[in-house]
Amino acid sequence: MLRLPAFELAEPSTLGEALGLLAEHGEEAQLLAGGTDLVPNMKHELFTPRLVISLARLAELRGLRVESDGTLVIGAMTTLDELAHDQRVARRAPALAQAAGLVAGPQLRRMGTLGGNVMLDTRCQWYNQTYFWRSALGFCLKKDGTLCHVVAGGANCVAAASNDSAPALMSLDGVLVFHGPRGRRELAIDALYSSDGIYNKNVRGEILVEVRVPRVPSGHRGAYGKLRERGSIDFPLLGVAARVDLDESGAVGAAALCAVALQARPLRLAKAAQVLVGTRPGTDGFRSALGEAGALAEKQCRPLANIPGDAEYRHAMVPVYVRRTLQAAVDGTGPVHHV
Amino acid sequence: MSARDVHGNQPPWPEGFRVVGRAQPKIDGLAKATGAALYTDDLVLAGMLHAKILRSPHAHARIRGIDARAALALPGVHAVITGKDMPIKYGVIPWTPDENALALDKVRFIGDEVAAVAALDEDTANAALKLIRVDYEPLRAFLEPEDALATPEPQIHEQTPEQKAKEHKGNVSKHVRLEFGDVEAGLAGADVVVSDHYEFHGTTHTPIEPHCALAQYSADGVLTVWSSTQITHYVQKALARVLELPEARVRVIQPFLGGAFGGKSDPFALEFAVAKLAMLTGRPVKCLWTREEVFYAHRGRHPMKMRYTSGARRDGKLTAVDAKILIDGGSYSSFGLVTTYYAGQLLTGPYHFPAYRFDSTRVFTNKPPCGPKRGHGSVQPRFAFEVQLDQLAEELGMDPLELRRRNFQGENVQTVNGQRVTSNGFLACLDAVERASAWKTRHAKLPRGRGLGVAGSMYISGTNYPVYPNPMPQAGVQLKLDRSGLVTVFTGGNDIGQGSNSIARAIVAEELGLEPADVRVVAADTDLCPVDLGAYSSRVTFMVGNALIDACRKLRTKLVTAVAEHWHVHAARVAFGLGAAHDREDAARRLSMREVFQLAEARFDTLGETGAYNTPELGGDYRGGTIGASPAYSFTAHVVEAEVDEETGRITVLNCWIAHDCGRALNPMLVAGQIEGSAYMGIAEALMEDHAVNRFGLHAGPSLLDYRIPTAVDTPELHALIVESLDPEGPYGAKEAGEGPLHPSIPAISNAVFDAVGIRLRHLPFTPAKVLAALREQRDRARGGEVARTARVASEREPC
């Protein structure tokens, strides 16, 4: 068995205490939510924190509620399994419930949290490996080395965002609440992610406390589509979240498409989504808009050979999963998944 | 072969079977389910040190020097060893000893073992590894077999100048070319000939338990090694050879084992390393491999590139088969000599081949070494040939299941390559899957996107060729009868989860009239148990089973005599069953078996017996003719029902019907488990698994996340159908069930995909991308065909 490198564990019981530890130890500290990603990454010596700060005792990070204005508020430590089975989430944010239900496998969803998934490290076939393995090829740009093995001569890390929850939350205009040394702040989820595969987030030294999903209109339809090899466990080879808000006449009033497992940040496919607006599901116009949306998405998405799996095939699946996920959204038959 | 070895396939007593043929839970099922079973890594000895192994980061390099001083100086480190500490080469096949426990002068793949450290704990040992300095001189690495074949130098295994002068082998590991009958004439006389190329990628075993070994060296010079091995006897011999100890001073014990599938049938570096470190430090030493290390140790299925050409007459009968096979062996020989033969020798059933030729070449490459995996050597050719049979059926416009039926070789025949086939239930297997899958009403009739595919196969139940030739029995057992009513079985047979200890218990309970719970089994301990060669080639039930019957029949005579004398009746009146003896002519007269044992012990002194089995003389009269010669062959037929998503290219196997002729099902529950497990593994290899090496020569993803085996939700309905042909030589007529049922899974999927959407998948694995490419090609061809047809119509018009 791979050994877990030695570390100290702190289990603060207040947010203030946790933020204090984070400020004090900086880069040498690492936050632990469910641990389903951090622990294997530590065994691979991708992270060797001196201090691991467990978020398990922080009451502020727990709970799931609907506020009076219809905003769904999800504590960052809510497990993916809870999220997948909560009727309030299924009703108000179907794409998120479906995405959460397709992360990894059942055991991992009972440990893994929404906060952990939002803040997930990017992944790459040259990076998520043991120390010995990485040393055999002289390491890589993202960790311990200077060369990118995905893009020859590449100076930017292109490790892929691989979190299923990110596109779902983006499609729902999710808002993240962080607490940091300067207090509480809200950040639109689109603004969290950057294109730097080494660390694809614009936030450091803060703790994600809750995720807010604004009220959706009554004609809201959503779905998540996930391409992966197995019916369980695997990270996405492609993830697509679709949102279709039908107006009172039954036509598409607003639409959103977001995708993950392509490059360092989850992508918003705005042009592809826009072509659906004004069409009416069940009509030829809608069907042809689906085809057009698929084609536009295919144009915008350029998967690289970063994560395992044939990049060309992943690319070919973009229009298929865009079409199928949009259709599943309007039909209420999501998620789109092969089992 | 002596009478000792054949006991008939029916019970010699009139009451019939009491235990055999009934579903019985495994002897160790509860221990495993409750966590009570102790696997090698569960064993802890006082003062035990932990070992870790340093591995090569180069695919091919010469070692100029190793400096371990800093590692040795680290507090907590007790010893560091390198290749120089164990320079004697070994190999599981005595003709090809090309392995060193730790690399001596060069490394041959990324992951090759270079040095080992024993320390107080694993973390200290790992820290010490990072302090060992190895000076490497990188050499040209060969990652493709064609490249290695075309490039004689540098040699991955260097020959001496004298050897080269005699025969420069380049990077060829083994070449075999055998021809039986007139292949050219057969092909020339065929009404249809199909010739095509097929490719089998590499796959590995993925046992849930990683390899683990623990060694203790006593003050009086006895080395004991507990190891997760499936070949205790060969490990004992290899340890003695490399460590220069008398075999009698080496004891090897296999504790509970968490799966093997052929991946634990070589001696491995960790066994030598813990033994040597225990001898040097005087402390027990344990080494448990990480999952990554198991992937490097590999010994998995060889990648093969195959050209098959087959001819058939209009009635579907085969006229000749011609095969050319390039085998990627990886960096060491392992069982490769046998693999190279098996790739050709095991194809000559269940169909009659009038003429057959194979030319197979195994080459070394700088990748993890290949070896035997469930269905050793024959799964790859079987895939190619069973797809080719469907291509022949297509050309002939014949139902592929019918084509197979017409080519059935029959029972009690000799194959074209001189193998003796006795019992053969293949036709019954075909009938069973035909019926169960509703083949007649569904094949070629399902809507596009869904299809049925069939395939057949044959496999050995042990082989008459022991790894080291010797005239002694292949399997020996010893029984001890206790006056408490308990029988203890001592067998060298390795229970690797296939259930051989359960079979041993069932046979002894059957023969001696006991409740199964009154039989205990001590297995795979070289100090306590008579030699059995190990769990490979599907030999244990067949050979140990026969040895047990041999021992029991001798004991039974004594027990019957004692009872007959006690009752003053003729021995023919004494019957045994399920814990009691009774008088066949006076049902009221009974004795418990405990009383019987005591009577017999009083009459004959302490009760014990040995039993043995050896194979008959078998095989063709030519070099290599005994390789693949088995006392009995099992037969299998599959029908797979698959669905193809033409947009995503994904194949979903919905149903897999597996009919397997296992001779007699000694325990139908175990047989069904083996059938299901085999089919599962075959389907996994076809659709998901890929033991790929990247452009650096580095395993592409040595973890159970990246090396994908199906989860429960990915596994189709598996329908095990047991066919019993009652073999004349197997124990009660039994044959193997653990490897044969894997073979047809893979070609049956390809054939089902053809039925579903009309594409031929000839290159494994069947990824969605390959399916999409084949569908694209099909569409292009259809369009091209239309253009050609239009052109032809136009030209036909011209003369008018």
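Residues numbered from 1 in each chain as written. Chains lettered and ligands numbered in written order. Predicted model: local features only at pLDDT ≥ 70, side-chain atom pairs only at ≥ 80, totals over all residues.

**Overview of the overall build of chain A**
For clarity, the cut-off: We count a stretch as a helix when DSSP gives it H or I for four or more residues in a row; a strand needs E for two or more, and each element gets its number in order from the N terminus. Put simply, the radius of gyration uses C-alpha atoms, and a globule should come to 2.2 Å times the residue count raised to 0.38. The contact criterion used here is simple: two residues whose C-beta atoms, placed from the backbone, lie within 7 Å are in contact.
Broken down by element type, chain A carries 13 helices and 12 strands. Computed over the C-alpha atoms, the radius of gyration of chain A is 20 Å, within 12% of the 20 Å expected from 2.2 N^0.38 for a compact globule of 339 residues. Its C-alpha atoms put chain A at 60 × 50 × 35 Å along the principal axes. In chain A, once contacts between residues fewer than 6 apart in sequence are set aside, the share between residues at least 24 apart is 67%.

**Observations concerning the overall build of chain B**
For the record, the criterion: Backbone-placed C-beta atoms define the burial measure: a residue is buried with 20 or more other C-beta atoms within 10 Å of its own, exposed with 12 or fewer, and partly exposed in between.
Assigned secondary structure in chain B consists of 20 helices and 28 strands. Taking 800 residues into account, the globule formula puts the C-alpha radius of gyration at 28 Å, and chain B, at 28 Å, falls close to it. Projected onto its principal axes, the C-alpha positions of chain B cover 105 × 80 × 50 Å. Looking at chain B as a whole, 59% of its 800 residues are labelled buried. At a minimum sequence separation of 6, the contacts of chain B that also span at least 24 residues come to 81%.

**Observations regarding the domain arrangement of chain A**
Residue and element names in this part refer to chain A. Rules: The split into domains, and so the bounds of each, comes from an automatic or database assignment of domains. Residue polarity follows a fixed list, in which Ala, Val, Leu, Ile, Met, Phe, Trp, Tyr, Cys and Pro are nonpolar, Asp, Glu, Lys and Arg are charged, and the others, Gly among them, are polar.
Along its sequence, chain A is carved into domain 1 (1-57), domain 2 (60-119 + 160-213) and domain 3 (220-331). Summarising the inter-unit geometry, the C-alpha centres of domain 1 and domain 2 are found 19 Å apart. On the side of domain 2, 16 residues touch domain 1, which itself brings 12 residues to the contact. In terms of residue count, helix 1 (residues 15-25) provides more of the side of domain 1 that touches domain 2 than any other element does, five residues in total. Grouping the amino acids of the side of domain 1 that touches domain 2 by side-chain chemistry returns eight nonpolar, three polar and one charged.

**Quick notes on unusual backbone geometry**
Here the amide bond leading from A:Gly334 into A:Pro335 is cis, since omega sits at 0°, within 30 degrees of zero. By the element assignment, A:Pro335 lies in the segment after helix 13 (311-331). The omega torsion of the bond from B:Glu153 to B:Pro154 falls at 0°, within 30 degrees of zero and hence cis. Structurally, B:Pro154 can be placed in the loop between helix 4 (145-150) and helix 5 (161-166).

**Describing the packing of helix 11 (residues 379-396) of chain B against helix 19 (residues 745-757) of chain B**
All names here are of chain B. Test applied: Whenever a helix is involved, its axis is fitted only over the stretch in contact; in every case the axis is a line through C-alpha atoms, and angles between N-to-C directions fall within 0 to 180 degrees. Between 65 and 115 degrees an angle is taken as roughly perpendicular, under 35 as roughly parallel, over 145 as roughly antiparallel, and anywhere else as oblique. Helix crossings fall into two classes, left-handed where the near helix is turned counterclockwise from the far one by less than a right angle and right-handed where it is turned clockwise.
The N-to-C vectors of helix 11 and helix 19 enclose an angle of 30°; their axes lie 8 Å apart at closest approach. Comparing their axes, helix 19 and helix 11 come out roughly parallel. Crossing handedness for the pair helix 11 and helix 19: right-handed. Side by side, helix 11 and helix 19 meet where Val 379, Arg 382, Phe 383, Glu 386, Val 387 and Asp 390 of the first sit next to Ile 746, Pro 747, Ser 750, Asn 751 and Phe 754 of the second. Looking at the contact of helix 11 with helix 19, its residues break down into six nonpolar, two polar and three charged.

**Topic: the pairing of strand 3 (residues 51-54) of chain A**
Residues and elements named next belong to chain A. Under the convention used in this document: For two strands to be treated as a pair, DSSP must find at least two bridges joining them.
Two elements, strand 1 (residues 8-10) and strand 3, share three bridges in a ladder whose sense is parallel. For Ala 10, the partnering residue across the bridge sits in strand 3 and is Ile 53. Examined bridge by bridge, strand 2 (residues 29-32) and strand 3 share four bridges and lie parallel to one another. The residue bridging Leu 32 from the neighbouring strand is Ser 54, located in strand 3.

**Some thoughts on the domain arrangement of chain B**
All names here are of chain B. Considered domain by domain, chain B is made up of domain 1 (3-37 + 473-613), domain 2 (40-139 + 210-257 + 264-297) and domain 3 (304-465 + 620-766). Between the C-alpha centres of domain 1 and domain 2 the distance comes to 39 Å. Listed as interface residues are 16 residues of domain 1 and, on the opposing side, 13 residues of domain 2.

**Notes on the sheet that holds strand 28 (residues 717-723) of chain B**
Residue and element names in this part refer to chain B. Read across the open sheet, the four strands follow the order 18-26-27-28; overall the sheet is mixed. The strands lining the two open edges of the sheet, one partner per strand, are strand 18 (450-460) and strand 28. Within this sheet the neighbouring strands show an average axis-to-axis angle of 15°, counted without direction. Here seven bridges tie strand 27 (residues 651-661) to strand 28, and the two strands are oriented parallel to one another. Across the sheet, the residue bridging to Cys 656 is Leu 718, located in strand 28. The strands touched by helix 18 (residues 668-687) are strand 27 and strand 28; relative to strand 28, the strand with the most contacts, the crossing angle is about 130°.

**Re the interface of chain A and chain B**
Counting from both sides, the interface comprises 23 residues of chain A and, opposite them, 26 residues of chain B. Of all the elements in the fold, those that place two or more residues in the side of chain A that touches chain B are helix 8 (131-136) and helix 13 of chain A. Residues of the side of chain A that touches chain B, tallied by class, amount to 13 nonpolar, six polar and four charged.

**Describing the pairing of strand 11 (residues 250-253) of chain B**
Consecutive side chains along a regular strand alternate between the two faces of the sheet. All names here are of chain B. Here is the rule we go by: Orient the strands so they point away from the viewer; a crossover is then right-handed if the path from the first strand over the helix to the second runs clockwise.
Of the two faces of strand 11, both are covered, the one formed by Val 250 and Val 252 as well as the one formed by Arg 251 and Ile 253. The pairing of strand 10 (residues 223-227) with strand 11 spans four bridges and is classified as parallel. What sits directly across from Val 225, in strand 11, is Val 252. Crossover handedness for the path strand 10 to helix 7 (residues 232-243) to strand 11: right-handed.

**Looking at the packing of helix 18 of chain B against helix 19 of chain B**
Residue and element names in this part refer to chain B. The interhelical angle for the contact between helix 18 and helix 19, taken along N-to-C directions, is 55°, at an axis separation of 8 Å. In terms of axis orientation, helix 18 runs oblique to helix 19. In the crossing of helix 18 with helix 19, the sense of the turn from one axis to the other is right-handed. Within the contact between the two elements, helix 18 uses Ala 679, Gly 682, Ile 683, Glu 685 and Ala 686 and helix 19 uses Ser 745, Ile 746 and Ile 749.

**Digging into the sheet that holds strand 11 (residues 252-260) of chain A**
Strand pairing in a sheet relies on backbone hydrogen bonds, with the paired strands running either antiparallel or parallel. Residues and elements named next belong to chain A. Read across the open sheet, the four strands follow the order 9-10-11-12; overall the sheet is antiparallel. What marks the edges here is a single partner per strand, and that holds for strand 9 (220-227) and strand 12 (267-268). Examined bridge by bridge, strand 11 and strand 12 share two bridges and lie antiparallel to one another. What sits directly across from Ala 259, in strand 12, is Leu 267.

**A look at helix 16 (residues 540-567) of chain B**
Our working definition: Expected span of a helix, by definition, is 1.5 Å for each gap between consecutive residues, and there is one gap fewer than residues.
Over its 28 residues, helix 16 of chain B runs 38 Å from end to end, which matches the ideal 40 Å to within 8%, given 1.5 Å per residue. One or two steps after helix 16 of chain B, the chain reaches B:His568, where phi turns positive at roughly 55°.

**Comments concerning the environment of B:Ala737**
By the element assignment, B:Ala737 lies in the loop between strand 28 and helix 19. Setting aside its immediate chain neighbours within four residues, B:Ala737 contacts B:Ser634, B:His660, B:Cys662, B:Val671, B:Gln674 and B:Ile675.

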